[in-house]
Amino acid sequence: MADFVSLVFAPGFFESGPVASAVVAGGVVAAVSAVVGVFTVMRGQSFAGHALSDMGTTGGSGAFLVGVSPLWGFVTVSVVAVAAMELIGIRRPRGRDVATGIVFGAALGLAALFLYWDTTVRNASGAAMTILFGSLFTVSSSTVPIVVVLAAASLALVLVLFRPLLLASTSSDLASARGVPVRLVGIGYLLAMALAVSLSAYTIGAILSTALLVGPAATAARLTKSPLSAMLCATALGVVAVLAGIVLAYDSYGWPPVGHGWPVSFFVVTLIFVFYVLAGIPRRWRSGHTGTDLSTTDAPRRAHLVHGLVGKR
Amino acid sequence: MLVVENVDVRLGGREVLRDVSFTVHEGELTGLIGSNGAGKTTLFRVVLGLTRPDSGHAVVRGDDRPRTSPLVGYVPQKIELDPDLPLRARDLVALGLDGHRFGFALPSSARRHAVEEALDGVDARRFADARVGTLSGGEQQRVMIAYALVSHPRLLLLDEPLANLDLRSEQEVVELLARVAREQRIAVLISAHEMNPLLPVMDRVVYLAGGRAASGTTAEVVRPDVLSRLYGHHVDVLHVHGRVIVVAGPTLGSDEALRAEQADAATSTKA
């Protein structure tokens, strides 16, 4: 048993400070991203989520330049981006799509400048790698409480909006007929998403944060039938992917090239992808079965209908 | 239950509804009949308080008991539900209970009971645990009706509930709605562009054409004179095997025939 433990967890895993910070920050961020992500999947807003995190790159790299935690840069820019996305082209989806793309491009242009200065002026050669692909092991123990507070804020916002958000995500017509302020609820949700995306950009990288937002939620949506069970399932999948990713990355210091660990984000995103693919297998198998089930139960009904029509003639 | 009086609505300079008045009674099923663009959805929006009429008003009268749930249950037109939504039929019905309130609803036996009751009321228990997006059109329509009824409204509005249903589901939904109106003592108002499926169960009809409305029993309203007045030109009402077909008359230009009919109509309404 002890052998097995030491095989899975390389020596020093449980004593390491960076590992402890990574586990707490990573776990909390994975859980919040998963819950928020279920609505992202239901609302079909993964592009908005991706755009928010990529625009966050500008903030992250800018924060590096002035010497504050990239987390603040991510949060500031993505919240501003939500406001900008709401202000432009709200009426027509196509206009909104184009506007998002244009603002998104401009923000990435700025990010290119900031990242260049980060590496040349501030000699932070790892900045680009850290901002774009994240580094869970560089989360300092002092930022962990901030991560927890921001995660709690995002989760609280989703829970407050829960029922009207679920109704509006199901059908905005149904929601507005019930007097739900659909647009306001949508903005509130985008803010929760901006926070979740900033946190995951900070931990697993701006480019990969969509994977943590959408991946576990999409997998859960394949496996479950109700919103609540989808959220619980997504949370479990996200947390498992992040924790297993941390363990594997820690182990990878002993893998070739020896002495250079593989990036945590690689493991996390790969695990999420594997979960998603695996969740599709039983579904395909099941859908084959329910397909025949439905046709058999419907057969008498259909036959009845056909006979009814024939009879009338 | 619902009183609509002299409602005028102009949208973007166009007069959509002109002097529309009618009453919908408790325990009755009323059909709101009109072709596409006749103003049916606009009229629903006025009743729901989402569109303010330029003049006139629509009043929904409740019973005297103080109530926390809405007076009006509403099922909009063409709700598209994605089959991939992780949302069971019973989850959607539960949203009908209090989906507009902020916060999170903890599961309780009272909620579960209310949802079960609503599902039973529309014979939807069988597919209550299926994803709502995977259900057939008729099944989805039942779930939507349960969603609208679960909060025990006094008035039920359905916008084109029969659109896109096959013949059998259409008949089932119509019978269900007539039963709901009778048994739960609810005023039911259904819009449709085709009145035939509703003829066997409809207590009253509100016919919309050219922005104006005529209301009463089918026998009072679906008559050449009344409808010609509404359309502003001559129409014929044909009866074929218990079904009704409204067609434009051959003499569109014959003002004399129209005037004769209007005179006819005036005397018959007085009588």
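Along each chain, numbering runs from 1 in the same order as the chain's sequence is written. Lettering of chains starts at A and numbering of ligands starts at 1, both following the order in which they are written. Per-residue local features are limited, in this predicted model, to residues with pLDDT of at least 70; the limit for side-chain atom pairs, both in listing and counting, is 80 or more; totals at the level of whole chains, interfaces and linings are taken over all residues. No hydrogens and no water enter the side-chain calculation; it runs on all heavy atoms of the structure.

Q: How would you explain the overall build of chain B if you had to name every residue and give the values?
A: Each helix is a run of DSSP H or I of at least 4 residues and each strand a run of E of at least 2, with the numbering of both proceeding from the N terminus. Assigned secondary structure in chain B consists of eight helices and eleven strands. Contacts: residue pairs with any heavy atoms within 4.5 Å of one another. In chain B, 66% of the contacts between residues at least 6 apart in sequence involve partners at least 24 apart. Per-residue and other accessible areas were derived by the Shrake-Rupley procedure at a 1.4 Å probe size, with only the shown protein chains allowed to occlude residues. Total accessible area computed for chain B in this model is approximately 12700 Å², and 48% of it derives from carbon and sulfur atoms.

Q: Can you break down the overall build of chain A residue by residue, with the values?
A: On a plain count of helices and strands, chain A comes out with twelve helices and zero strands. Listed N to C, the secondary structure of chain A is α-α-α-α-α-α-α-α-α-α-α-α in terms of helices and strands. Scored against the burial criterion, the 313 residues of chain A give a buried share of 47%. Of the roughly 14500 Å² of accessible surface on chain A, a fraction of 72% belongs to carbon and sulfur atoms. Only protein chains enter the area calculation, which uses a 1.4 Å probe; residues under 20% of their type maximum are buried, those over 50% are exposed, and those in between are partly exposed.

Q: Describe in detail the environment of Leu95 of chain B, supporting the description with residues and values.
A: Considering the arrangement of structural elements, one finds Leu95 of chain B in helix H2 (residues 89-98). Distance in space between the C-alpha atoms of Leu95 of chain B and Ala105 of chain B is 9.7 Å, their sequence separation being ten residues. Among all residues touching Leu95 of chain B, those that are not within four sequence positions of it are Arg163, Leu166, Leu167, Thr170 and Arg178 of chain A together with Tyr147 of chain B.

Q: Describe the environment of Asp129 of chain B, listing the residues and the values that go with them.
A: Note that Asp129 of chain B resides in the loop between helix H3 (109-121) and helix H4 (137-149). On the basis of relative accessible area, Asp129 of chain B is assigned to the partly exposed category, the value being 36%. Separated by 38 residues in the primary sequence, Asp129 of chain B and Asp91 of chain B place their C-alpha atoms 8.6 Å from one another. Not counting residues within four places of it along the chain, the set of residues in contact with Asp129 of chain B comprises Lys225 of chain A together with Arg88 and Arg90 of chain B.

Q: Outline the interface of chain A and chain B, listing residues and values.
A: The figure often quoted for interface size is the accessible area lost as the parts come together. Taken together, the contact between chain A and chain B spans 31 residues of the former and 35 residues of the latter. Note on terms: buried area is the combined drop in 1.4 Å-probe accessible area of two parts once they are placed together, counting the loss on both. For the pairing of chain A and chain B, the buried interface totals around 3000 Å² over both sides, and the portion due to carbon and sulfur atoms is 62%. Considering only the side of chain A, the residues that lose the most area to chain B are Arg163, Arg178 and Lys225 of chain A, jointly responsible for 28% of the buried surface there. Sorting the residues of the side of chain A that touches chain B by element identifies helix H7 (144-170), helix H8 (172-177), helix H10 (209-223), helix H11 (227-251) and helix H12 (264-312) of chain A as the ones contributing at least two each.

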